[in-house]
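# Structure assessment
Chain by chain, the residues:
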Amino acid sequence: MQTLFDENGLLNIADIVTNHPSYKAIMEDGIVTDGELKAQAEATIASLKKLQSLCNEEQQNAILEAISEMSVLFAAYHNYELQDLCR
């Protein structure tokens with residue numbers, strides 16, 4: 001079973017993403033298409049809706065907080081990288 005953290009306690013998201021069947025299918029030809037993005041958005045929504053139906057309110061709040069923090073980290077990192085390009 002894949003875990004969120006590696007043996008050193010570091011977030012294992014890069015391995016999780018690169019080994020995920022959806023990512024492998026999208027990146028198979030090295031080009032990300034509009035259709036692939038649309039399909040991935042739909043798969044993401046379906047997965048989140050399934051998770052919502054399985055979880056109680058407390059669990060949903062914990063998941064929302066984790067997703068929010070991860071999204072903030074991604075956005076902040078993206079902006080940080082863009083800053084480097086402008087220097």
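Look above for the structure.
This structure is a prediction, so every number in the text was calculated from the model and none was measured. (Residues numbered from 1 in each chain as written. Predicted model: local features only at pLDDT ≥ 70, side-chain atom pairs only at ≥ 80, totals over all residues. Heavy atoms only, no water.)

## Things to note about the pattern of salt bridges
Per the counting criterion, the structure on display carries 1 salt bridge. Between Lys-38 and Glu-42 there is a salt bridge; the shortest N-O distance is 2.8 Å. Residue Lys-38 and its partner Glu-42 are located together in helix H3 (residues 34-54), separated by 4 residues, close to a single helical turn. Owing to a relative accessible area of 53%, Lys-38 belongs among the exposed residues under this scheme. Under the relative-accessibility criterion, Glu-42 is labelled partly exposed at 43%. (Salt bridge = Lys/Arg side-chain N within 4 Å of Asp/Glu carboxyl O. Helix = DSSP H or I, 4+ residues; strand = E, 2+ residues; numbered from the N terminus. Buried < 20%, exposed > 50% of the residue type's maximum accessible area, 1.4 Å probe, protein only.)

## Re the layout of surface pockets
In this structure, the largest pocket encloses a volume near 1400 Å³. The wall of the largest pocket is formed by 26 residues, among which Ile-13, Ile-16, Val-17, Thr-44 and Met-70 lie closest to the centre. Considering only residue class, the lining of the largest pocket consists of 18 nonpolar, 8 polar and no charged. (1 Å grid on protein atoms, 1.4 Å probe; cavity = no way out; pocket = protein on both sides within 12 Å on 5 of 7 lines; lining within 4 Å. Points joined across faces, edges and corners; volume = space filled by probe spheres on them. Nonpolar A, V, L, I, M, F, W, Y, C, P; charged D, E, K, R; others polar.)

## Here's the deal with helix H4 (residues 57-86)
Taking 1.5 Å as the rise per residue, H4 with 30 residues should run 44 Å; its terminal C-alpha atoms sit 43 Å apart, in good agreement. Two or three places before Glu-58, at the start of H4, stands the capping residue Asn-56, its side-chain oxygen 3.0 Å from that residue's backbone nitrogen. (Expected span 1.5 Å × (residues − 1). Polar contact = N/O pair within 3.5 Å; in protein donor to acceptor, adjacent residues only side chain to side chain.)

## Here we look at the side chain of Glu-36
As for its placement among the helices and strands, Glu-36 is situated in helix H3. No salt bridge is formed by the buried Glu-36, whose closest oppositely charged neighbour, Lys-38, lies at an N-O distance of 14 Å. Ignoring any residue separated from it by four or fewer positions in sequence, one finds Glu-36 in contact with Ala-25, Ile-26 and Ile-31. (Lys, Arg positive; Asp, Glu negative; His and termini not counted. Contact = heavy atoms within 4.5 Å.)

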